[in-house]
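Take a look at the letters that make up each chain.
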Amino acid sequence: MNLADYAHSHGLKQVGVRPKFIEYLGQVWQRRDFALTMSLYASEAQNARTRLGRWWLVLLPSLQALAYGLVFGLILGDLRPANFIPFLITGVFLFSFFSGSFSAGAKAITSNGGLLRTLSFPRILLPLAAVIREFINFLPQLALLPLVMVAFGQDITFDWLYLIPIALLMFLFSTGLAMISARLTVQVKDLGKLVPFITRLMFYSSGIFFEIDRIFAGYPELLAIAMLNPVYDFISLARGALVNDMHMTPFLWVVSSLWSVGIFLFGVFYFWRAEARYGRD
Amino acid sequence: MDAIRNAEQKPVVVVDDVHVIYKVFGTGKKARQAKGALAKKSRMREVHAVKGVSFVVHEGETIGIVGSNGSGKSSLMRAIAGLYPSTKGAVYALGQPTMLGVGAALLPNLSGEKNIILGGLAMGYEKKEILDSTKAIVDFSGLRDFIDLPMRTYSQGMSARLRFSIAASKKHDILIIDEALAVGDRQFRLKAEERIRQMRKDAGTVFLVSHNMKSIQDTCSRVLWIEKGELLMDGEPKQVCEAFIAEMEKGDSE
């Protein structure tokens, strides 16, 4: 009898192999408290090291919006969208959640070596915890948005409540995104260097400070592609809910929902496929 | 197979011809290599750390692992824990082995207490269970005065104490302790050894990697000697430890 048969005949299981997908999801569900608790603690720890602490969560994106507003407001001149400040702030705040999740996901595995070398648990909990942490950090910005709208003369409407399903779709989408970037940066370290570049590219192509349909008016093919960009779709939905004279269209809802569910499912599956490879350096 | 010796006893861990090969990237040029930007860089090196080790561990055994630095002990332990899957061969176990190694803090920016809670949750504790056990874990570690400090401020010894206390708080079928006690002080080491003997009584299997021969002989029922990635000797603690010490002293006098 060889050793493998001997082990199997006594009910031993091979260690270090990837569990089946359903089994894996079961383990993740069983340890969901780990992801939740870790994201809460990590958020607290992040904010505890500066004097202004939590205030940075709204201060930083506000300063960013101010800088972009000054620079691009001047450059764009007459091409500046109507209700420029509410338009811009909605874009900058939402974008900061996407870029935060993307880069947190990229670091979720590579920066937790101590944990990975010591304990075995479903590794997907790490990028998941990273996105939950980003979402917790995003909540104050989300709460600030209605205040900004009122301050800059936007109408108070029930449409604001659409922010809740929009935020949930964004969460799904970002989770998938973080899973993908978490695996990619483990397998190809060089991609970690590209993260800021990709983020920049997304920023300029998602219409954060300009109206895509006006800038691309002369190029219908480019416009069609730009309209399918999920980040643009989420931001447009939020603007439709918040900013006067902007509208949520069924097209935007359908495209962003498909992206969210699609990227989420793909991300989880894609991350699981390489489960046995994380923490191996 | 001669690894299967006591056919009537129940096996807990089966290590079947395990090889561990690391691929190390980014070693850069050799320190004394010539010249010029176009010289060929050694971009990747393979390190064959474990070369075909096989053995079977039965219920109720405490296994000591000895061997010189760089002999492949830790690599073998990580393969058994499933943290670094073997390149060739396989490890089979009854349940998921838990490994306790030396090294950095789990989550350096969080307090000791939060590390206890997160470590417990990652090991599969329920939230309520770990909250209830936190006090006992802190008491065992003897770090009550430092428990609210971030773990990055802990010394190696304090960090090892905390991690051992977390791991030892739960009943493990298989626990691997990789030199985690070496940096602790004598008092804590004795306390930890007592705890390990207790686990063995509860039918847990413990692997103990250590350079402290007394510690190994006091706690283990069987000792494996790993050298250059191969299993050199496997037997009674006293016998193997004496052979190992003799070999080390021979090396010194040469």
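The model shown is predicted, which means the values in this text are computed figures rather than measured ones. (Residues numbered from 1 in each chain as written. Chains lettered and ligands numbered in written order. Predicted model: local features only at pLDDT ≥ 70, side-chain atom pairs only at ≥ 80, totals over all residues.)

### Considerations on the overall build of chain B
Across its full length, chain B holds seven helices and nine strands. Expressed as a percentage of the 254 residues in chain B, the buried residues total 44%. Relative to all contacts within chain B whose residues are 6 or more apart in sequence, the contacts with residues 24 or more apart total 71%. (Helix = DSSP H or I, 4+ residues; strand = E, 2+ residues; numbered from the N terminus. Buried ≥ 20, exposed ≤ 12 C-beta atoms within 10 Å, placed from the backbone. Contact = placed C-beta atoms within 7 Å.)

### Describing the overall build of chain A
The helix and strand inventory of chain A stands at 13 helices and one strand. In terms of overall dimensions, chain A has C-alpha extents of about 80 × 50 × 35 Å along its principal axes. Every one of the 281 residues in chain A was classed for burial, and the buried ones make up 41%. When contacts within chain A are restricted to residue pairs at least 6 apart in sequence, those whose partners lie at least 24 apart make up 82%.

### Details of the interface of chain A and chain B
Every contact between the two is made by 29 residues of chain A and, on the other side, 40 residues of chain B. Of all the secondary-structure elements, those providing two or more residues to the side of chain A that touches chain B are α1 (3-9), β1 (13-14), α3 (32-48) and α6 (113-118) of chain A. Counting residues per element, the side of chain A that touches chain B draws most heavily on α3(A), at six residues. Taken together, the residues that form the side of chain A that touches chain B break down as 14 nonpolar, 10 polar and five charged. As defined by bridge partners, β1(A) adjoins strand β4 (residues 88-93) of chain B across two bridges and the pair is classed as antiparallel. Following the sheet pairing, Lys13(A) is matched in β4(B) by Ala93(B). (Nonpolar A, V, L, I, M, F, W, Y, C, P; charged D, E, K, R; others polar. Pairing = 2+ DSSP bridges.)

### Considerations on the UniProt feature "domain: ABC transmembrane type-2" (unreviewed entry) in chain A
Mapped onto this structure's residue numbering, the UniProt feature "domain: ABC transmembrane type-2" (unreviewed entry) falls at residues 52-274 of chain A. Within the segment residues 52-274 of chain A, helix and strand shares are 76% and 0% respectively, and the terminal C-alpha atoms sit 40 Å apart. (UniProt positions renumbered as here; feature names shortened; annotations may be inferred.)

### What to know about helix α13 (residues 250-273) of chain A
Along its 24 residues, α13(A) runs 35 Å from first to last C-alpha, staying within 8% of the 34 Å computed at 1.5 Å per residue. Among all positions in α13(A), only Leu252(A), Val255(A), Ser256(A), Trp259(A), Ser260(A), Ile263(A), Gly267(A), Val268(A), Phe271(A) and Trp272(A) are buried. (Expected span 1.5 Å × (residues − 1).)

### Remarks on helix α1 (residues 73-81) of chain B
In terms of burial, α1(B) is a largely internal element, nine of the nine residues being buried. Buried residues of α1(B): Lys73(B), Ser74(B), Ser75(B), Leu76(B), Met77(B), Arg78(B), Ala79(B), Ile80(B) and Ala81(B), and no others.

### Comments concerning unusual backbone geometry
One non-glycine residue, Asn83(A), lies in positive phi territory at about 50°. Its location among the elements puts Asn83(A) in the loop between α4 (56-76) and α5 (84-108). The backbone of Lys228(B) sits at a positive phi, close to 50°, despite the residue not being glycine. Position of Lys228(B) relative to the elements: it lies in the loop between β8 (222-227) and β9 (230-235).

### Considering the confidence of the model for chain B
Residues and elements named next belong to chain B. On average, chain B scores 84 in pLDDT, and the residues at 70 or more come to 86%. Summarising per-element confidence for chain B, the mean pLDDT is lowest in strand β5 (residues 98-101) (77) and highest in β8 (94). The ipTM, which scores confidence in the relative placement of chains, is 0.79 for this predicted complex, and the corresponding pTM is 0.85. (pLDDT = per-residue confidence, 0-100.)

### Notes on the packing of α3(A) against helix α7 (residues 125-151) of chain A
A packed helix pair is summarised by two numbers, namely the angle formed by the two axes and the spacing between the axes. Residues and elements named next belong to chain A. It is the contact of α3 with α7, at a shortest axis distance of 8 Å, that shows an interaxial angle of 50°. As the angle between them shows, α3 and α7 are arranged oblique. Two packed elements cross with a definite hand, and for α3 against α7 that hand is right-handed. Across the interface between the two elements, Phe34, Ala35, Leu36, Met38, Ser39, Leu40, Ala42 and Ser43 of α3 pack against Leu125, Leu128, Ala129, Ile132, Arg133, Ile136 and Asn137 of α7. (Axes fitted to C-alpha atoms, helices over the stretch in contact; angles between N-to-C directions. Parallel < 35°, antiparallel > 145°, perpendicular 65-115°, else oblique. Left-handed = near helix turned anticlockwise from the far one by under 90°.)

### Side note on the confidence of the model for chain A
With 99% of its residues at a pLDDT of at least 70, chain A reaches an overall mean of 90. For chain A, the element scoring lowest by mean pLDDT is α6(A), at 78; α13(A) scores highest, at 96.

### Overview of the environment of Phe209(A)
All names here are of chain A. Structurally, the position occupied by Phe209 is in the loop between α9 (191-205) and α10 (212-215). Of the residues examined, Phe209 has 22 C-beta atoms within 10 Å and is grouped as buried. In sequence terms Phe209 and Ile85 are 124 residues apart; their C-alpha atoms lie 9.3 Å from each other. For Phe209, the residues in contact, after removing those within four places along its chain, are Tyr68, Phe72, Leu88 and Gly91.

### Some words on the UniProt feature "transmembrane region" (unreviewed entry) in chain A
All names here are of chain A. Per the UniProt record, the feature "transmembrane region" (unreviewed entry) sits at residues 55-77, 83-104, 124-148, 160-182 and 251-272. Here residues 55-77 runs as 91% helix and 0% strand, with 32 Å between its end C-alpha atoms. The span residues 160-182 carries 87% helix and 0% strand; its end-to-end C-alpha distance comes to 33 Å.

### Description of the pairing of strand β3 (residues 62-66) of chain B
All names here are of chain B. Burial of β3 is extensive: five of the five residues sit out of reach of the surface. Here β3 shows no split at all, with Thr62, Gly64 and Val66 on one side and Ile63 and Ile65 on the other all buried. Taken together, the four bridges between β3 and strand β7 (residues 205-209) define a ladder with parallel strand orientation. Residue pairing in the sheet places Ile63 in a bridge with Phe207 of β7.

### Some points on the sheet that holds strand β2 (residues 44-58) of chain B
Taken in spatial order, the four strands make up an open sheet running β1(A)-β4(B)-β1(B)-β2(B), and their pairing is antiparallel. The open sheet is flanked by β1 of chain A together with β2 of chain B, the only strands paired with a single partner. Across five bridges, strand β1 (residues 11-25) of chain B lies against β4(B) in antiparallel orientation. Looking at the pairing, Val15(B) lines up with Val91(B) of β4(B).

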